[in-house]
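Chain residues, written in single-letter form:
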Amino acid sequence: MNVSYSWLKDHVDLQGITPEEVAKALTFAGAEVEGITRMASGTNLVIGQVLTCVPHPDSDHLHILTVDEGSFGTFQIVCGAPNARQGLKVIVARVGAKLPQIEIKASTIRGVESNGMCCSLLELGVDPKFLSEYQKAGIEELPEDAPVGETDVLGYLGLDDAVLELSLLPNRPDLYALENVAKEVGCLFQRKVTLEEVKDVPTVFPSCEVGSETKGCTLFCARVVKGVKTHESPKWLQRLLSASGIRSINNVVDIGNYVMLLTGQPLNMYDADKLPLASLIVRDDLEGDFVAMDGQTYKLQEGDLVVTSDGKPMCLAGIMTAEACMVDENTKNIVVEAAYFEGAPIRHTSNRLGLVSDSSQRFCKGVNPHQSEYVQCLTSELLVRLCEAEEVGETVLFDVIDHTPHRLDVTLDYVNGRLGTSFTLGQVSETLLRAGFVNVVEGKTLHVTVPPQRIDVDGKADLTEEVIRILGYENVPSTLPTLSLCLTGLTPKQKAERSLRRHLTYSGLDEVVTYTLQSKQELEYFNYLTKAEAYVLQNPMTVEREAVRRNLAHSLLSLASYNANRQAKSGRFFEVSDIDAIGVQGRHLCVVFFGDRPVRPGEKASPYDYYDAKGVFDSIMESLSIQLGRYQLAPWSLGGEEMHPYQTAEVRLGKQLLGYFGTLHPNACKRYGLKNAVLLELDLDALLGIKVSPIKAKAPSRFPFVERDLALLVPTKVDYESLRKELLRADPLIVSVDVFDLYQGEGIEEGYRSIAVRLTLLSEEKTLSEEQVSASVKKALDGVAVRYGAKLRQ
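Residues numbered from 1 in each chain as written. Predicted model: local features only at pLDDT ≥ 70, side-chain atom pairs only at ≥ 80, totals over all residues. Heavy atoms only, no water.

Bringing the overall build of the protein chain into the picture now. Each helix and strand counted, the protein chain has 20 helices and 38 strands in total. Relative to the 2.2 N^0.38 estimate, which gives 28 Å for 794 residues, the radius of gyration of the protein chain is 40 Å and therefore markedly larger than a compact globule would have. Principal-axis analysis of the C-alpha atoms places the extent of the protein chain at approximately 130 × 85 × 65 Å. Every one of the 794 residues in the protein chain was classed for burial, and the buried ones make up 47%. Within the protein chain, contacts between residues separated by at least 24 positions form 69% of all contacts whose residues are at least 6 apart in sequence. Surface accessibility of the protein chain: about 40100 Å² in total, with carbon and sulfur atoms responsible for 50%. Averaged over its 81 positive side-chain charges, the protein chain has a centre that lies 10 Å from the centre of its 107 negative ones. (Helix = DSSP H or I, 4+ residues; strand = E, 2+ residues; numbered from the N terminus. Rg over C-alpha atoms; globule rule 2.2 N^0.38 Å. Buried < 20%, exposed > 50% of the residue type's maximum accessible area, 1.4 Å probe, protein only. Contact = heavy atoms within 4.5 Å. Areas by Shrake-Rupley, 256 points an atom, 1.4 Å probe, with all protein chains shown as cover. Lys, Arg positive; Asp, Glu negative; His and termini not counted. Charge placed at Lys NZ, Arg CZ, Asp CG, Glu CD.)

What follows is the structure, encoded as structure tokens:
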């Protein structure tokens, strides 16, 4: 927020206090001043009058001027401005003057001597947005009554102002009003504060009605003002608005902006003759098109606060008026609105439509809901004085706000205990009184009444903050806290997680951190592990970040898509993150591979597939010392078009789904713009909760093992894992079973497939004979034949 130092001086006695001192005091009190800028600058300036103006003999656009500079004398100046002419009063930068961009020196321009320069406001550093094209194209034309020889040119023009650029935090929304900034400065320097004097304006019976049908508007007041005359604002008002960063439009609009800057209360003005009915009702259930005063059409959604008349949208509440009822140069009768809108719906609508204004920002941060009558009276008085309004209606009001003053009780022990200070009761009471907090002392307790504009003060802690920021943080003793040492360490789960992350990083994967928030639509993607209802933000910054995610898969695939769109040919990512839903808290691990496996130069690249995901899963289980018997792998049964139905496995602990891994469905690859991808997501909390046996050292057998290769014809409905378990169960001498070939096609009868396995047989007591090996193999063949109908392939 920009604060005019000159305007501030109108409301608080700043005799002997510089803008820099004000900025320093505000910053140390918690209202940071980012910088101080000048409206304009220049030394050795004077107001002059052009006595003669003749064309330059050696130029088609230059003029030779004779300029009267009062007591300094008459000087010749060469000027290139198209509007230079005899009799014009101008700003002259004399020889030696220093302007923002140049220093003026005596010179000869195409053979003609020139002593000084006639200036435009642009050359004095005035912001171009406050100047017309005519002003920017030539020198500034001063009024006929401008005093020739006046050296305080910037003061005469009202441009000798300094602008304080305040960077306000959310805890001080009251400082968006200049009156409250004046109170703050007066408090810090203990100077007298003078607020705007409001004169009573005669009113007549109201001619409109107001109301609200939504909880988003708890106060709405309006006044009908008739017979206004729209024209240019007076210079003093234009200068105040310019210093505050607002361009002057006309007197009616400028009054609204002036009152908003002064009080912090946004106003809206309607052309009363353009309203369908003399009625304004706030609603939040309208949908359809809204044509705003900028000529653009916006889509209304349920939840947008809209001011309506006869059921038609007249204003996007707190943001922008409709084109149908906007005030223009022909407006004679207006309705002045001052309302209190909740910040959340205003922020949501403003962000969704990309419409951000001074009014919407103030509603989002919070406005004083207790000043509507004062604001209406001030506005009416200005409309009568500056717009020659002929008739002012009484205020009509809808109000369900409790205006009872907010009172707090705080003890001296609480203040000093919380701040670590030793203030006296008198110091605390006087300090709060300086800040506008009326208080009554009773024993060691202060009964404090909070000023209505201080909507940020809610509890006792806020009162202690007021005390210390005003008296100064230097009153807090500089003492080192007592540091007690304690022995702590990671929990077993934390150790396991840290070890797992280190393992994946050492395996060549990149750990990433992605956004926790996503859109409501994205909540349904890959929603297999967490079925609980998601947390949804009431006031999201954007619709893309309005809900807390229930899985990591979509986030990592979006990251893969982002990298692939930037010519990354492959990537291997993993993330470990909290997952929060209503009634559910946990941690998930997600791994995504996309593109081709890394190869040496000259080798043919091959895309990642199911076996890459299976390899990562196996390495994870091995690093966590979780044996296969502790969990089960099952074919994909969850459906959908996100995971490939025949290249995805579920990880289960009994009936509980621990995770899944496999190849992405082609439709999902298309959605993310990927040629191929494999995905693994695990419920890390559940996985780390699996009990594992301690690692035991075992000496290798002193006897040799024996291997036998078998090709079995197995019904297609029998999976390999079931076959493997049955072979291991057949005989204790069979210590491992590994598949090395699968075949289905020509030469294999229908309904069967060939699975080639390698049996490893070993005894800890002796060397196995051929007869023992054959007997064990026969047991294995008989077992799978009886259980699954498998037979030896001939």
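Counting residues in each nonpolar core, the largest one holds 53 residues, and the members touching the most others are L8, V22 and I334. Looking at which domains feed residues into this core, each of domain 1 (2-39 + 162-189) and domain 3 (209-399) gives three or more. Sequence-distant contacts of L8, defined by excluding residues within four places in its chain, comprise V3, L14, V22, L178, V181, A182 and V185. Of all hydrophobic cores here, the second largest spans 39 residues; its members include L275, F290, A339 and F341. (Core = buried A, V, L, I, M, F, W, Y, C linked by side-chain atoms within 4.5 Å. Domains from an automatic or database assignment.)

Moving on: the domain arrangement of the protein chain. When the domains of the protein chain are assigned, the result is domain 1 (2-39 + 162-189), domain 2 (45-157), domain 3 (209-399), domain 4 (410-452 + 459-474), domain 5 (492-689) and domain 6 (706-792). Taking the mean C-alpha position of each, domain 1 and domain 5 sit 52 Å from one another.

The next point concerns helix 8 (residues 343-353). Here helix 8 has its buried residues at G343, P345, I346, T349, S350 and L353. The elements touched by buried residues of helix 8 are strand 16 (297-300), strand 18 (312-316), strand 20 (334-341) and helix 9 (358-365). Immediately downstream of helix 8, the backbone of G354 shows phi near 70°, a positive value.

Time to look at the environment of A435. When you line up the elements, A435 lands in the loop between helix 12 (425-434) and strand 24 (438-442). The sequence separation of A435 and I470 amounts to 35 residues, and the corresponding C-alpha distance is 8.2 Å. Leave out the neighbours within four places in its chain, and A435 touches C187, P451, E466 and I470.

This next bit is on the layout of surface pockets. Of the voids in this model, the largest pocket is the one considered here, and its volume is about 1300 Å³. Together, 32 residues line the largest pocket, and Y610, K614, L633, Y720 and E721 are the ones closest to its centre. Those elements that provide at least two residues to the lining of the largest pocket are helix 16 (610-623), strand 31 (632-635), strand 32 (643-653), helix 19 (720-730) and strand 36 (734-743). Looking at the lining of the largest pocket residue by residue, the class counts come to 17 nonpolar, 6 polar and 9 charged. Each of domain 5 (492-689) and domain 6 (706-792) gives at least three residues to the lining of the largest pocket. (1 Å grid on protein atoms, 1.4 Å probe; cavity = no way out; pocket = protein on both sides within 12 Å on 5 of 7 lines; lining within 4 Å. Points joined across faces, edges and corners; volume = space filled by probe spheres on them. Nonpolar A, V, L, I, M, F, W, Y, C, P; charged D, E, K, R; others polar.)

Okay, empty space enclosed by the protein next. As enumerated under the stated definition, the model contains 2 cavities of 30 Å³ or more in all. Of the volumes computed, that of the largest cavity is approximately 100 Å³. Along the wall of the largest cavity there are 14 residues; nearest its centre are P173, D174, G366, V367 and N368. Each residue belonging to the lining of the largest cavity can be placed in one class, and the counts come to 5 nonpolar, 7 polar and 2 charged. Each of two domains, domain 1 (2-39 + 162-189) and domain 3 (209-399), supplies a minimum of three residues to the lining of the largest cavity.

A word on the packing of aromatic side chains. In the structure shown here, the tally under the stated rule is 13 aromatic pairs. On the basis of an interplanar angle of 20° and a centroid distance of 5.2 Å, the ring pair of W7 and Y258 is categorised as stacked. Note that W7 is positioned in helix 1 (residues 5-9) and Y258 in helix 7 (residues 251-263), a separation of 251 residues in sequence. Y258 carries the same exposure label as W7, and that label is buried. For the ring pair F341 and F363, a centre distance of 5.1 Å and an interplane angle of 65° mean the geometry is edge-to-face. Linking F341 in strand 20 with F363 in helix 9, this pair joins segments that are 22 residues apart in sequence. Like F341, the residue F363 is buried in the burial classification. Ring pairs connect the aromatic residues Y610, Y611, F617, Y631 and F661, which therefore count as one cluster. Its guanidinium or amino end placed over the ring of Y414, K460 lies 4.4 Å from that ring's centre, counting from NZ or CZ. A cation over a ring is seen here: R545 above Y515, with NZ or CZ 4.0 Å from the ring centre. (Phe/Tyr/Trp six-rings, centres within 6.5 Å; stacked < 30°, edge-to-face > 60°. Lys NZ or Arg CZ within 6 Å of the ring centre and 35° of its normal.)

So, about the sheet that holds strand 6 (residues 89-93). Pairing within the open sheet is antiparallel, and its 5 strands lie in the order 5-4-3-6-9. The sheet terminates laterally at strand 5 (74-79) and strand 9 (117-119), the two strands that pair on one side only. Going from strand to strand, the sheet's axes swing by 50° on average, the running direction of each strand aside. (Pairing = 2+ DSSP bridges. Axes fitted to C-alpha atoms, helices over the stretch in contact; angles between N-to-C directions.)

Quick look at the packing of helix 7 against helix 10 (residues 372-387) now. At a minimum axis distance of 10 Å, the contact between helix 7 and helix 10 shows a crossing angle of 145°. Seen along the crossing, helix 7 lies across helix 10 with a hand that is right-handed. Facing N251, V252, I255, Y258, V259, L262 and T263 of helix 7, the residues of helix 10 in contact are Y374, V375, L378, T379, L382, L383, L386 and C387. (Left-handed = near helix turned anticlockwise from the far one by under 90°.)

Judged by pairing direction, the sheet is antiparallel, and its 4 strands sit side by side in the order 36-37-35-38 without closing on themselves. A single partner strand is all that each edge strand has here, and the edge strands are strand 36 and strand 38 (791-792). Examined bridge by bridge, strand 35 (residues 706-715) and strand 38 share 2 bridges and lie antiparallel to one another. Bridge assignment links L712 to a residue of strand 38, and that residue is L792. Against the sheet, helix 19 makes contact with strand 35, strand 36 and strand 37 (752-761), and its axis sits at roughly 145° relative to strand 36, the strand it touches most.

So, on to the environment of G508. Examined against the element boundaries, G508 turns out to sit in the loop between helix 14 (492-506) and strand 26 (510-511). A residue is classified by how much of its surface remains accessible, and G508, at 34% relative accessible area, is partly exposed. Between the alpha carbons of G508 and F573 there is a distance of 9.1 Å; along the sequence they are 65 residues apart.

Running from amino to carboxyl end, helix 19 crosses helix 20 (residues 770-788) at an angle of 135°, the nearest separation of the two axes being 8 Å. Between helix 19 and helix 20, the angle is such that the two are oblique. In the crossing of helix 19 with helix 20, the sense of the turn from one axis to the other is right-handed. Contacts between helix 19 and helix 20 involve S722, L723, E726, L727, R729 and A730 from the former and K779, A780, G783, V784, R787 and Y788 from the latter. Considered class by class, the residues forming the contact of helix 19 with helix 20 number 6 nonpolar, 2 polar and 4 charged. (Parallel < 35°, antiparallel > 145°, perpendicular 65-115°, else oblique.)

Moving on, we come to helix 7. The end-to-end C-alpha separation of helix 7 is 18 Å, in line with the 18 Å expected for 13 residues at 1.5 Å each. For helix 7, the tally of buried residues reaches 12 of 13 residues, placing the bulk of the element in the interior. Among all positions of helix 7, only N251, V252, D254, I255, G256, N257, Y258, V259, M260, L261, L262 and T263 are buried. Residue N250 occupies the N-cap position of helix 7, its side-chain oxygen lying 3.1 Å from the main-chain nitrogen of V252. Once helix 7 ends, the next one or two residues include G264, with phi positive near 85°. (Expected span 1.5 Å × (residues − 1). Polar contact = N/O pair within 3.5 Å; in protein donor to acceptor, adjacent residues only side chain to side chain.)

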